[in-house]
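# A closer look at the structure
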Amino acid sequence: MADAKSLFDKIWEQHEVDDDLLYVDLHLVHEVTSPQAFDGLRLSGRKVRRPDKTLATADHNVPTDGTPAARLIADELSRKQVQALERNCDEFGIPLYSLGSARRGIVHVIGPELGATQPGMTIVCGDSHTSTHGAFGALAFGIGTSEVEHVLATQCLVQKRPKTMRISYSGQLGFGVTSKDLILATIGRLGTAGMQGYAVEYSGPAIEGLPMEKRMTICNMTIEGGGRAGMIAPDETTFEYVRGKPGTPQDFDAAVERWRHLPTEGGASFDREIEVDASELSPMVTWGTTPGMVTEVTAHVPDPAAMDSPADREAAERALAYMDLEPGTPITEIPLERIFIGSCTNSRITDLREAASLLDGRKIAPSLRGMVVPGSQQVKAQAEEEGLDEVFRSAGFEWRESGCSACLGMNPDILQPGERCASTSNRNFEGRQGAGGRTHLVSPRMAAAAAIEGRFVDIRNWS
Amino acid sequence: MDAFEIVEGQVAVLDRADVDTDQIIPKQFLKRVERTGFGEFLFYDWFRSGEVELEPHPILVAGRNFGSGSSREHAVWALKDFGFDVVIAPSFSDIFYSNCTKNGLLPVILSEEECRQVAGSGEARVDLDDQTVTCAQGVFRFEVDEQIKHRLVNGLDDVAMTLQRAGKIDEFEQAGRADAGPVTTAL
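The shown structure was predicted, so the numbers you read here are calculated from the model rather than taken from an experiment. (Residues numbered from 1 in each chain as written. Chains lettered and ligands numbered in written order. Predicted model: local features only at pLDDT ≥ 70, side-chain atom pairs only at ≥ 80, totals over all residues. Heavy atoms only, no water.)

## Digging into the nonpolar core
If you look at the biggest cluster of nonpolar residues, it comprises 109 residues, and the most contacted ones within it are Phe392 of chain A together with Phe66 and Ile88 of chain B. The dominant element in this core, judged by the number of residues it contributes, is helix 15 (residues 444–453) of chain A, at seven residues. Excluding residues within four positions of it along the chain, Phe66 of chain B makes contact with Leu14, Val19, Ile24, Phe43, Leu60, Leu79, Val87, Ala89, Ser91, Phe92, Ser93 and Phe96 of chain B. Listed in part, the 76 residues of the second largest apolar core include Ile143, Met216, Phe239 and Val242 of chain A. (Core = buried A, V, L, I, M, F, W, Y, C linked by side-chain atoms within 4.5 Å. Buried < 20%, exposed > 50% of the residue type's maximum accessible area, 1.4 Å probe, protein only. Helix = DSSP H or I, 4+ residues; strand = E, 2+ residues; numbered from the N terminus. Contact = heavy atoms within 4.5 Å.)

Okay, structure coming up:
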């Protein structure tokens, strides 16, 4: 069918205002990438066109120690930045969930939990992990601060239509293998620039079988493969997740009827198609300083000398020197000092339940410091209602307030130089979690098991 | 934004792939609420350890997938503030590329081999109007989107340009095409 359309085609065409001008249904704002945009508006005497399509929260640099209000943040620069967000939102009439709000949390966690994220929408935010929202069958991507200003002023974004890619996952994920492993393995295969220039649709039985929070993890990490946006077709799982949330349409059934027309039609064409057998995937662990430097938990730290391209070899040598790892070391023999469970990739209630189920009645290794940072205040409240906080605390973890926390270390939650951390976050770049810190990206289950053993284990045969 | 004219001068070389924006400007410097003053923190950890040294020449040649990771525009502000007007690389991350074009920092995509030749020449001349990079080892043509080129060459404000199309945005909204999603002010 020549005129068959993809999910991406449909959303793009429904939001084209004019040539290369895309209408934005929801603009999410946070404290770090917005102050200069609001300044720009003031300088040119412009207003926010649609405050009713804009939503702000404080997440990136907020402390996770229970500081109840922006004015009480100990770090002066962080305090000023959150206070600037409060002033800006007040001045321009934008709803804000700041410190003290029960709805505050990581921007990519609160959008879905408030039902602000819905199928068929266009969603942008000054944050690269905005791709997360694509899990609902939305077109969502990260933008820079100049674009934040542009969207505030015009509710539109100047945007060239990206190419499209479909990755089809056949089979089902095996026991102990999660959607985090699926996306890490995909990035490992395609490379950190493998999706560059593409809007990517993840499809196939292995994706259809996943609950929403698992789908979000996949779309979230699209940017780590260089992708512009990651998307998953909305289905009954999506509709059930969205149902009853505060932001959902009043006539929900009518909305569901519209959303049913969104999925990619048979015969729709993509610029690139890739197939992956999900049943062959294993738990993954990164060994280097990009998310593409990743291998199976049963494997060994690779030997740069065996790599074909000089560029890869050099990059791997530098990464191993930074990570202080020897080629040939079994992944399961890498000793750990820190465990971080959190971030917009893996801090939702499902992630916490999975980690807690492995930790229940156990203690983390005495040499370790473990930290759990729920994705939002609502996730925190839910977890506490279920008693998960007690499970984590009894095991020896710190139980914190919500925020981006140690994923990017803009607040006091950072690694010390040389510290090695198993992290459920999304980036293992040099210094990402603190200058000199060494990050290994894993799933929440892998992080929990590693916490108990003090090293990585293959959770498929660990008890 | 100033109009982009011809840039001519010495070339600084950063021969690494996948240089992410966390390296270009580490997170502890993202708390500033201004657009200025980021240059002194450029490549903070690498410069401080002596692992990387770069002169503030007008042109930077870098490895593939430059500017990957975080969308922080601070990375572009830091590069520009340090002194670079052009970055040449075999590929850029999408968001970083776009951020460059909003700040008069010209991102130029050349092949790996061409990048090596520009780096080896030590000096180059970048002509946006002509879409060429000229150096001792050759003249290399690069592609750039017509709209981006138009904006850079004329130093135009993106928002002002879109506001000229405000009538189309009004029409779009009035036609009921902008009704998807929540009313955030009523949440």
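## Things to note about the interface of chain B and chain A
Taken residue by residue, the interface counts 59 residues in chain B and 79 residues in chain A. Of the roughly 5400 Å² buried at the junction of chain B and chain A (both faces included), carbon and sulfur atoms supply 51%. It is Lys27, Lys31 and Leu187 of chain B that lose the most area in chain B upon contact with chain A, and together they represent 14% of the buried surface on that side. Remark: the boundary between chain B and chain A carries eleven salt bridges. With its nearest N and O atoms 3.3 Å apart, the salt bridge here joins Asp75 of chain A to Lys31 of chain B. In this structure, the connection of chain B to chain A is made through 42 residue pairs in polar contact (both at pLDDT 80 or more). Among the secondary structure elements, those contributing two or more residues to the side of chain B that touches chain A are helix 1 (21–24), helix 2 (44–49), helix 3 (74–82), helix 4 (94–101), helix 7 (158–163) and helix 8 (166–174) of chain B. (Buried area = accessible area lost by both parts, 1.4 Å probe. Salt bridge = Lys/Arg side-chain N within 4 Å of Asp/Glu carboxyl O. Polar contact = N/O pair within 3.5 Å; in protein donor to acceptor, adjacent residues only side chain to side chain.)

## As for the sheet that holds strand 18 (residues 420–423) of chain A
Residues and elements named next belong to chain A. Taking strand neighbours across the sheet as the criterion, the five strands line up as 17-16-15-18-19 in an open arrangement whose pairing is parallel. Each edge of the open sheet is held by one strand with a lone partner, namely strand 17 (397–399) and strand 19 (438–441). Ignoring which end each strand starts from, the neighbouring axes of this sheet average 20° apart. Judged from the three bridges that link them, strand 16 (residues 369–372) and strand 17 form a sheet pairing that is parallel. The residue of strand 17 that forms the bridge with Gly370 is Phe397. (Pairing = 2+ DSSP bridges. Axes fitted to C-alpha atoms, helices over the stretch in contact; angles between N-to-C directions.)

## What about the packing of helix 3 of chain B against helix 4 of chain B?
Relative orientation and spacing of two packed helices are given, respectively, by the angle between their axes and the distance between those axes. All names here are of chain B. Helix 4 packs onto helix 3 with a crossing angle of 50° between their chain directions and a minimal axis gap of 9 Å. Taken together, helix 3 and helix 4 sit at an angle that is classed as oblique. Crossing of helix 3 over helix 4 shows right-handed handedness. Facing helix 3, whose interface residues are Ala75, Val76 and Leu79, helix 4 presents Phe96, Asn99 and Cys100. Across the contact of helix 3 with helix 4, the residue classes break down as five nonpolar, one polar and no charged. (Parallel < 35°, antiparallel > 145°, perpendicular 65-115°, else oblique. Left-handed = near helix turned anticlockwise from the far one by under 90°. Nonpolar A, V, L, I, M, F, W, Y, C, P; charged D, E, K, R; others polar.)

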